[in-house]
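# Examination of the molecular architecture
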Amino acid sequence: QILILDFGSQYTQLIARRVRELNVYCEIHPYNNIPVISPDVKGVILSGSPSSVREDGAPNMHLAAFRQKLPLLGVCYGAQLLAHTSGGEVQPSSIREYGRAKLGTVDAGSPLMRGIDQHSQVWMSHGDTITSIPESFHIIASTDSVRVAAFQVEGEETYGIQFHPEVTHSLQGKELLKNFVVDICGCSQDWDPESFVESTVAQLQEKLGDDKVVLGLSGGVDSSVAAMLIHRAIGKNLYCVFVDNGLLRKDEFEDVLASYESLGLNVKGVDSKEQFYTALAGLTDPEAKRKAIGKTFIDVFDHEAHQIEGVAWLGQGTIYPDVIESVSVKGPSATIKSHHNVGGLPDFMKLKVVEPLNTLFKDEVRAVGRTLGLPEAILGRHPFPGPGLAIRILGDVTPEKVDILQQVDALFINGLNRDGLYDKVWQAGAMLLPVQSVGVMGDERTYERVVALRAVTSVDGMTADWAHLPYEFLANVSNDIINRVKGVNRVVYDISSKPPATIEWE
Ligand code: XMP
């Protein structure tokens, strides 16, 4: 495997993604909290960073632990750190280099550069540049404005590159990473969903033995795949709980429960709608609504867990980005919305936690789910927020409003499916606005509700663009909604991107 040391770059996760795409297992760890190096680690990558090696207190570490013991590749800041700590010089660039650049000369004799074309396009993003290097450092690539675009240290398997091979705009970045990971480090490319399932099931059996596990299913991809994996390992000793909080999509509870049952999962559906509506009654503040829902869920789940005699473990569908985010070197970013799932359940449950997906990225979770036979209807499902429709009903939540919104949402989502647009957007849904507007139906004046449709394209939900859905489609859906949903006389489409807007309205 490959060890990636994170100095806080926004691209660190991308490095890991690219290495995994080469079917090589890798892990990210913060530079200041490195685990004991296992014999499986075959090489180390140092990430970029928003810091400058010239600053006091810049992230630094003793590279002696790896250098000359394992192959080492410094990317951007990582390369500058290698140069800086070996007697080279790093200076501010006269212009901040950001964007595409072309490699002018490439030393094809260097193992890192094998197969990389002269003039290959790379992606630069740096404010500092390496201005001088020690004698033992050989330049293996340059661009017009960056003399030391890549270097190799004589007699070592130590390399540095100023550009970002992990970004897709570096057109041969993946080949370069392959040169490092496969040829230089000697990693075998045998990490795939099947081998993951096989080894994880064996580990789960070892860890759990005859113990019982309780797991909360949400209908989403992560909890479903986690359940299937644990089920494969321990069968009926996995007790799944699927709570109807009354805030799900139309018919979702019944449909998803039925598909879980047909997959052979030991699942209990719990109708707690009233409990949630009571907890939400009169609340209008989004964070207050989230807290009430979170607390009610814990109450319901705790009650259910107590019905399972001798249960010892809590299964969770935590995935790798959640884990990395919570150990980030940068410290937590400001809480915009309180939706962090890591460590979501309180201590009083006194259960040990088992999280079989906590080393996987989302697309890998899907691939594992496919291997385990989960239906595409679950795997390809759009993300849906834990507090559900409650944060799409602006203002207070009532069962009547939920009913209206469920009908609107179903017409929108069914329309997307019918017109082959569902898989083209990352997430879609409808918001019920706390305003009424005047309309005319037949000869009658109406004064009814307004709904907003929202569909976005995104890669990870961190940034998003409003989806440019065809006008014809929007016209049909709007017509459908106004004609069929009693109480709604106006439909608007949200054309805000994130940032500065967010995906949900609350
Ligand atoms: P925002 O609105 O922050 O949403 O742009 C980004 C992604 O997070 C989802 N979201 C939530 N998920 N609990 C969740 O489990 C929440 O409270 C919550 N709020 C937003 C949102 O649906 C989108 O996928």
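Worth saying up front: this structure is predicted, and the values here are computed from it rather than measured.

### Quick notes on the UniProt feature "binding site: ATP" (unreviewed entry) in the protein
- In the UniProt entry, the feature "binding site: ATP" (unreviewed entry) is given for Ser218, Gly219, Gly220, Val221, Asp222, Ser223 and Ser224.
- As for its position among the elements, Ser218 is in the loop between β10 (212-217) and α5 (221-234).
- Every residue in contact with Ser218, bar those within four places of it in the chain, is listed here: Ser223 and Gly386.
- When you line up the elements, Ser224 lands in helix α5.
- Look past the residues within four positions of Ser224 in its chain and what remains in contact with it is Leu217, Gly369, Leu374 and Ile378.

### Some remarks on the UniProt feature "active site" (unreviewed entry) in the protein
- Following the UniProt record, the feature "active site" (unreviewed entry) maps to Cys76, His164 and Glu166 here. Spanning 91 residues, the named residues nonetheless gather at one spot, since no C-alpha pair among them exceeds 11.2 Å.
- Residue placement: Cys76 occurs in the loop between β4 (72-75) and α2 (77-84).
- Beyond its immediate chain neighbours, meaning those up to four positions away, Cys76 contacts Gly48, His126, Gln162 and His164.

### As for the sheet that holds strand β6 (residues 121-132)
- If you trace the 9 strands from one edge of the open sheet to the other, you get β2-β1-β3-β4-β9-β8-β7-β5-β6, paired in mixed fashion. Each edge of the open sheet is held by one strand with a lone partner, namely β2 (26-30) and β6. Going across the sheet, the axis of each strand differs from the next one's by a mean of 25 degrees, ignoring polarity.

### Things to note about the packing of helix α4 (residues 193-208) against helix α10 (residues 362-371)
- In the contact formed by α4 and α10, the axes pass within 9 Å of each other and the chain directions differ by 75 degrees. By the angle between their directions, the pair α4 and α10 is classed as roughly perpendicular. From α4, Pro193, Glu194, Phe196 and Val197 reach across to α10, where they touch Ala367, Val368 and Thr371.
- Here the contact of α4 with α10 is built from residues that sort into 5 nonpolar, 1 polar and 1 charged.

### Structural notes on the domain arrangement of the protein
- Examined at the domain level, the protein breaks down into domain 1 (2-184), domain 2 (193-379) and domain 3 (398-493).
- Placing the centre of domain 1 and that of domain 2 at their C-alpha centroids yields a distance of 38 Å.
- The interface is formed by 11 residues belonging to domain 1 together with 7 residues belonging to domain 2.
- Per-element tally for the side of domain 1 that touches domain 2: the top contributor is helix α1 (residues 12-21), with 3 residues.

### What about the sheet that holds strand β11 (residues 238-244)?
- In space, the 5 strands of this open sheet follow the order β12-β11-β10-β13-β14, with parallel pairing throughout. Either end of the sheet is taken by a strand with one partner, and the two such strands are β12 (267-271) and β14 (352-354). Taking each pair of neighbouring strands and ignoring which way they run, the sheet shows an average axis angle of 30 degrees.
- Of the pairings in the sheet, the one linking β11 to β12 comprises 5 bridges and is parallel in character. Considered in β12, the bridge of Asp244 is made with Asp271.
- On top of the sheet, helix α8 (residues 286-306) reaches β10, β11, β12 and β13 (311-315); it is set at about 145 degrees to β11, its chief contact.

Reading guide: rules and limits
Residues numbered from 1 in each chain as written. Predicted model: local features only at pLDDT ≥ 70, side-chain atom pairs only at ≥ 80, totals over all residues. UniProt positions renumbered as here; feature names shortened; annotations may be inferred. Helix = DSSP H or I, 4+ residues; strand = E, 2+ residues; numbered from the N terminus. Contact = placed C-beta atoms within 7 Å. Pairing = 2+ DSSP bridges. Axes fitted to C-alpha atoms, helices over the stretch in contact; angles between N-to-C directions. Parallel < 35°, antiparallel > 145°, perpendicular 65-115°, else oblique. Nonpolar A, V, L, I, M, F, W, Y, C, P; charged D, E, K, R; others polar. Domains from an automatic or database assignment.

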